[in-house]
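A closer look at the structure
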Amino acid sequence: RPFHVEPTNIVSVNDDMQRVTDEASAMNKRIHYYSRLTSPADRALIAPDHVLPAPDEIYVYSPLGTAFKVDSCTDGYGKNSSLVTIFMIWNTMMGTSILSIPWGIKQAGFTSGIILILLMGILTLYCCYRVVKSRQMIPLTDTSNWEFPDVCKYYFGSFGQWSSLLFSMVSLVGAMVVYWVLMSNFLFNTGKFIYNFVHDINVTDIVPGTNGSNKVICPSAASDYPPQNRSVMFSSGNRTGFELFEEWWDKSRTVPFYLIAVLLPLLNLKSPSFFAKFNVLGTVSVVYLVFLVTVKAAHLGIHLEFNWFTENEFFVPEFRILFPQLTGVLTLAFFIHNCVITLLQNNKNQENNVRDLSIAYFLVGLTYLYVGVIIFASFPSPPLSKECIEQNFLDNFPSDDVMSFVARIFLLFQMMTVYPLLGYLARVQLLRQFFGNAYPSLFHVLILNLAIVGAGVAMARFYPNIGGIIRYSGATCGLAFVFVYPSLIYMISLHRAGQLTWPALIIHIFIILLGLANLIAQFLL
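About the thresholds
- Residues numbered from 1 in each chain as written.
- Predicted model: local features only at pLDDT ≥ 70, side-chain atom pairs only at ≥ 80, totals over all residues.
- Heavy atoms only, no water.
- Helix = DSSP H or I, 4+ residues; strand = E, 2+ residues; numbered from the N terminus.
- Buried < 20%, exposed > 50% of the residue type's maximum accessible area, 1.4 Å probe, protein only.
- Contact = heavy atoms within 4.5 Å.
- Areas by Shrake-Rupley, 256 points an atom, 1.4 Å probe, with all protein chains shown as cover.
- Axes fitted to C-alpha atoms, helices over the stretch in contact; angles between N-to-C directions.
- Parallel < 35°, antiparallel > 145°, perpendicular 65-115°, else oblique.
- Left-handed = near helix turned anticlockwise from the far one by under 90°.
- Nonpolar A, V, L, I, M, F, W, Y, C, P; charged D, E, K, R; others polar.
- Core = buried A, V, L, I, M, F, W, Y, C linked by side-chain atoms within 4.5 Å.
- Expected span 1.5 Å × (residues − 1).
- Phe/Tyr/Trp six-rings, centres within 6.5 Å; stacked < 30°, edge-to-face > 60°.
- Lys NZ or Arg CZ within 6 Å of the ring centre and 35° of its normal.
- Patch = residues over 30% accessible without salt bridge, like charges linked within 9 Å, V, L, I, M, F, W, Y side chains within 5 Å.
- Salt bridge = Lys/Arg side-chain N within 4 Å of Asp/Glu carboxyl O.
- pLDDT = per-residue confidence, 0-100.
- Disulfide = S-S within 2.5 Å.
- Bend = angle between axes of the 7 residues up to and from the residue.

A closer look at the overall build of the chain
When you go through the chain residue by residue, the secondary structure sums to 15 helices and four strands. Residues classed as buried in the chain amount to 56% of the 525 residues present. Across the chain, every contact between residues at least 6 apart in sequence was considered, and the portion connecting residues at least 24 apart equals 79%. In the form shown here, the chain has an accessible surface area of approximately 22900 Å², with 67% of it arising from carbon and sulfur atoms.

Here's what the structure looks like:
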């Protein structure tokens, strides 16, 4: 008797075969794309010979954010649910910029700070949406392996290729400089806390501050320069040993150099993929910071007084001319445009990309708003002035504050694991362009790493202002990746299709001018 197969079963088998074929094709495409990031001898992003990587095994890096591996909660076919996609975008964007948001709000004024966070979130989201759509507007059969720099090269030729490399290096090196300054800060305060605890030394910084168990200090009031570890010893301890410790454990003169012994060898490793295993620390650090801010605000209370245009001894106006300093910080705080295509291409339902991206941006903006507003509002004014809010708000808590000590430990370890990954990406992008190999020799790699580390040490020694570094690098790389390239590519695409209208032209030229004004303002204010 002839074998009978139900038609529905035939359809099911065919669908499964087609799905397997599609997934195998997607795997090969990703292998082809990520193999271009490294040399054949460097296996960090290369598939092992005996196994094809799942399409979701991808490392994503964002300046001042976390190194994130897209490898969890898939549906068995290498695709992520919308919830996972939203979380990955949030996790990648949330970085050390969050430490400077309260300072940025102080610079802009409370009311204008809130408005600017909302407006910059909307503007950068729109430009991010244009980045995602830019690849789809190219009339080629296969652009699935392309990232945004590839799109720039298609539209602008070698100029687009090299300029995207330049601005990408600005964002990466800027992030590494900020990391070095913060690691020096966290290592200094952590070492100071441990030394004082072990030797039973009680000290007080020579800076104005509040009294009580939830002490808040104003380091900037003690000097025109960033606070050092000047202190007065009040109780038991070896005075000679204590003074010797302060001489050799200085925030700007010694600690930035101690980090070289640990981090420079790690930068020279051929494959730093081991450190990506610690990406969960980025999420833990942000969650703990939100917890710390909530607890501190509950103890300190709310201290607000609305002065719209005049400044008094304890409060700042609601609107200040220094607001571009916040927009510079926010440009980098909302920056994900160089890796958003990678994050979204693993989304199970591609039709939800716009929705999921919008939700992720909303959550990032909400997190920035919560931390910035709560720290600003709860800062004890009086007796301290709101002008005392530091570029790193953890500096407003003394080194012997236990909750701040835990936060610094988390952030220090997280940054020490992400720093080699950022250095690896900078090496791959730069050396591969010039030498065709991400690791041409130990000498080449060492020279590059010495230059990057030297920049970090110099800034930690002479300009340890993370808010300033973030806003300069954010406005610079944001000019290209956030404002100029997405708008130009969109206008060119519409023009080639004969669909460019005057409103679209005016709007996107205005966006480009906003990015240019944002950059220029950083050097004027």
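Things to note about the packing of helix α4 (residues 110-136) against helix α14 (residues 466-496)
Where α4 meets α14, the closest approach of the two axes is 9 Å, and the angle between their N-to-C directions is 45 degrees. Taken as axis vectors, α4 and α14 run oblique relative to one another. Relative to α14, the crossing made by α4 is left-handed. Contact with α4, carried on its side by Met-120, Leu-123, Thr-124, Tyr-126, Cys-127, Arg-130, Val-131 and Ser-134, involves Phe-481, Val-482, Phe-483, Pro-486, Ile-489 and Tyr-490 of α14 and no other residues of that element. Among the residues making up the contact of α4 with α14, the classes are represented as 11 nonpolar, two polar and one charged.

Quick look at the nonpolar core
Membership of the largest hydrophobic core comes to 123 residues, with the highest contact counts inside it found for Leu-99, Phe-393, Leu-394 and Tyr-419. In terms of residues, this core owes the most to one element, helix α5 (residues 148-198), which gives 18 residues. Residues contacting Phe-393, with those up to four places away along its chain left out, are Ile-98, Leu-99, Pro-102, Leu-289, Leu-292, Val-293, Val-371 and Ile-375. Of all hydrophobic cores here, the second largest spans seven residues; its members include Phe-188, Phe-245, Trp-249 and Val-255.

What about helix α8 (residues 280-300)?
Here α8 spans 30 Å end to end across 21 residues, near enough to the 30 Å set by a 1.5 Å rise per residue. One or two residues past the end of α8 sits Gly-301, with phi positive at roughly 80 degrees.

Quick word on the packing of aromatic side chains
Counted under the stated rule, the structure contains 20 aromatic pairs. Measuring from ring centre to ring centre gives 5.9 Å for Phe-334 and Tyr-361, while their planes differ by 10 degrees; the resulting arrangement is stacked. Of the two residues, Phe-334 sits in the loop between α9 (324-333) and α10 (340-344) while Tyr-361 sits in helix α11 (residues 353-378), which places them 27 residues apart along the sequence. The structure contains a cluster of three or more aromatic residues connected by ring pairs, namely Tyr-154, Tyr-155, Phe-156 and Tyr-485. Lying across the ring of Tyr-490, Arg-130 places its NZ or CZ 3.7 Å from the centre.

Here's the deal with a nonpolar patch on the surface
There is a patch of nonpolar side chains on the surface, built from Ile-115, Leu-119, Ile-122, Ile-302, Leu-304, Phe-306, Trp-308, Phe-309 and Phe-319 and spanning about 940 Å² of accessible area. Position of Ile-115 among the secondary structure elements: in helix α4. With a relative accessible area of 39%, Ile-115 lands in the partly exposed category.

A word on the packing of helix α7 (residues 255-267) against helix α13 (residues 442-462)
Contact geometry of α7 with α13 gives a least axis separation of 11 Å together with a crossing angle of 155 degrees. It follows that α7 is roughly antiparallel to α13 by the angle criterion. Pair α7 / α13 crosses with right-handed handedness. Where α7 approaches α13, its residues Pro-256, Phe-257, Ile-260, Leu-264 and Leu-267 are matched on the opposing element by Val-445, Asn-449, Leu-450, Val-453, Val-457 and Ala-460.

A look at unusual backbone geometry
Pro-382 follows Ser-381 through a cis peptide bond whose omega is -15 degrees. Residue Pro-382 is joined to Pro-383 through a cis peptide bond whose omega torsion reads 10 degrees. Summarising the element assignment, Pro-383 is placed in the loop between α11 and α12 (402-435).

Description of the pattern of salt bridges
Where charged atoms from two side chains of opposite charge come close, those side chains can pair. Summed over the entire model, instances satisfying the criterion amount to five salt bridges. For the salt bridge of Arg-355 with Asp-356, the shortest nitrogen-to-oxygen distance reads 3.0 Å.

Some words on the confidence of the model for the chain
Atom-level detail of predicted coordinates should not be read off regions where pLDDT is low. On average, the chain scores 81 in pLDDT, and the residues at 70 or more come to 81%. Mean pLDDT across the elements of the chain ranges from a minimum in helix α1 (residues 7-35), with 43, to a maximum in helix α15 (residues 502-524), with 96. Confidence drops under a pLDDT of 50 for residues 224-238, and excluding neighbours within four residues, the segment shows 41 contacts in the predicted structure.

Some words on the state of the cysteines
Here the structure, examined in full by the defined rule, presents one disulfide. Covalent S-S linkage joins Cys-218 and Cys-388, the inter-sulfur distance amounting to 2.0 Å. Taking the sign of the S-S torsion, -80 degrees for the link of Cys-218 and Cys-388, the bridge is left-handed. Of this pair, Cys-218 sits in the loop between β3 (203-205) and β4 (231-233) while Cys-388 sits in the loop between α11 and α12; the two residues are 170 residues apart in sequence, bridging distant segments of the chain. In this pair, the class of Cys-218 matches that of Cys-388, namely buried. Here Cys-128 stays unpaired: no disulfide links it, and the sulfur of Cys-339, its closest cysteine neighbor, is 8.4 Å away.

Thoughts on α14
Spanning 31 residues, α14 covers 43 Å between terminal C-alpha atoms, matching the ideal 45 Å at 1.5 Å per step. A bend of about 55 degrees at Gly-478 is the largest found in α14.

Quick look at the environment of Val-262
Considering the arrangement of structural elements, one finds Val-262 in helix α7. Val-262 gets classed as partly exposed once you look at its relative accessible area, which sits at 41%. With 154 residues separating them along the chain, Val-262 and Met-416 place their C-alpha atoms 9.0 Å apart.

As for the environment of Leu-326
As for its placement among the helices and strands, Leu-326 is situated in helix α9. Residue Leu-326 is classed as buried on the basis of its relative accessible area of 0%. In this structure the C-alpha to C-alpha distance between Leu-326 and Gly-104, which are 222 residues apart in sequence, comes to 4.4 Å. In contact with Leu-326, not counting residues within four places along its chain, are Gly-104, Ile-105, Ala-108, Gly-113 and Leu-116.

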